[in-house]
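# Structure at a glance
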Amino acid sequence: MKDLVEVIAKSLVENPDEVVVTQKESGKTTVIELKVAPSDMGKVIGKQGRVAKAIRSVVKAAASKDDRKVVVDILQ
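These notes cover the structure that comes with them. Here the structure is a predicted model, which is why all the values come from computation and not from measurement.

A word on the environment of Ile32. The residue Ile32 is located in strand β2 (residues 29-35) in this model. When the C-alpha positions of Ile32 and Lys2 are compared, they lie 6.7 Å apart, and in sequence the two are 30 residues distant. Excluding residues within four positions of it along the chain, Ile32 makes contact with Met1, Lys2, Val5, Val21, Thr22, Gln23, Val70, Val71, Val72 and Asp73.

This next bit is on the sheet that holds strand β3 (residues 69-75). Spatial strand order, β1-β2-β3: three strands in an open sheet with mixed pairing. The open sheet terminates on both sides in strands that have one partner only, identified here as β1 (20-26) and β3. Ignoring strand direction, the axes of neighbouring strands in this sheet form an average angle of 20 degrees. Sheet analysis places β1 next to β2, joined by seven bridges and oriented antiparallel. Directly across from Lys24, in β2, lies its bridge partner Val31.

Before going further, it helps to examine the side chain of Thr30. You can see Thr30 is positioned in strand β2. Ignoring any residue separated from it by four or fewer positions in sequence, one finds Thr30 in contact with Gln23, Lys24, Glu25, Arg68, Lys69, Val70 and Val71.

So, about the packing of helix α1 (residues 2-12) against helix α3 (residues 50-64). Here α1 crosses α3 at 155 degrees, and the two axes come no closer than 10 Å. What the angle tells us is that α1 and α3 run roughly antiparallel. Crossing of α1 against α3: the hand is right-handed. Residues Leu4, Val5, Ile8 and Leu12 of α1 lie in contact with α3, whose contacting residues are Val51, Ile55, Val58, Val59 and Ala62. Considering only residue class, the contact of α1 with α3 consists of nine nonpolar, no polar and no charged.

Moving on to the pattern of salt bridges. Two side chains of opposite charge can pair, provided their charged atoms sit close to one another. According to the stated counting rule, one finds six salt bridges in the structure shown. Of the charged contacts, one joins Glu14 and Lys43 as a salt bridge, the two residues approaching to 2.9 Å between their closest N and O atoms. In this pair, Glu14 sits in the loop between α1 and β1 while Lys43 sits in helix α2 (residues 41-45), placing the two residues 29 residues apart along the sequence. What makes Lys43 partly exposed here is its relative accessible area of 34%. Between Arg68 and Glu25 there is a salt bridge, with the nearest N and O atoms lying 2.5 Å from each other. With Arg68 in the loop between α3 and β3 and Glu25 in strand β1, this residue pair connects regions lying 43 residues apart in the sequence.

About the thresholds
Residues numbered from 1 in each chain as written. Predicted model: local features only at pLDDT ≥ 70, side-chain atom pairs only at ≥ 80, totals over all residues. Heavy atoms only, no water. Helix = DSSP H or I, 4+ residues; strand = E, 2+ residues; numbered from the N terminus. Contact = heavy atoms within 4.5 Å. Pairing = 2+ DSSP bridges. Axes fitted to C-alpha atoms, helices over the stretch in contact; angles between N-to-C directions. Parallel < 35°, antiparallel > 145°, perpendicular 65-115°, else oblique. Left-handed = near helix turned anticlockwise from the far one by under 90°. Nonpolar A, V, L, I, M, F, W, Y, C, P; charged D, E, K, R; others polar. Salt bridge = Lys/Arg side-chain N within 4 Å of Asp/Glu carboxyl O. Buried < 20%, exposed > 50% of the residue type's maximum accessible area, 1.4 Å probe, protein only.

Below, the structure written as C-alpha cells:
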C-alpha cells in the first residue's frame, strides 16, 4: 500500500523528491502517512478534498483484497 500511495503522490506534485510516505501497522489496521512540500499540498488535497478522497478510495479498494483496513493521513 505504501508504494501505491507514493506512486500516486509523486505523479501529482511538482517536487516528487519531497514526497515521504511512512507506514505503521497495528493489528488489522494500517496507517499510511503522506508528507509533501507545502507548495504541493493543494495538489494532493484538491478542491474540497476530492483528490485526497480519491486517493483514499483507491487505497481502500486495494486493501479490501487482503481484508485489511487502511487509513491515509496527509500531514503538513
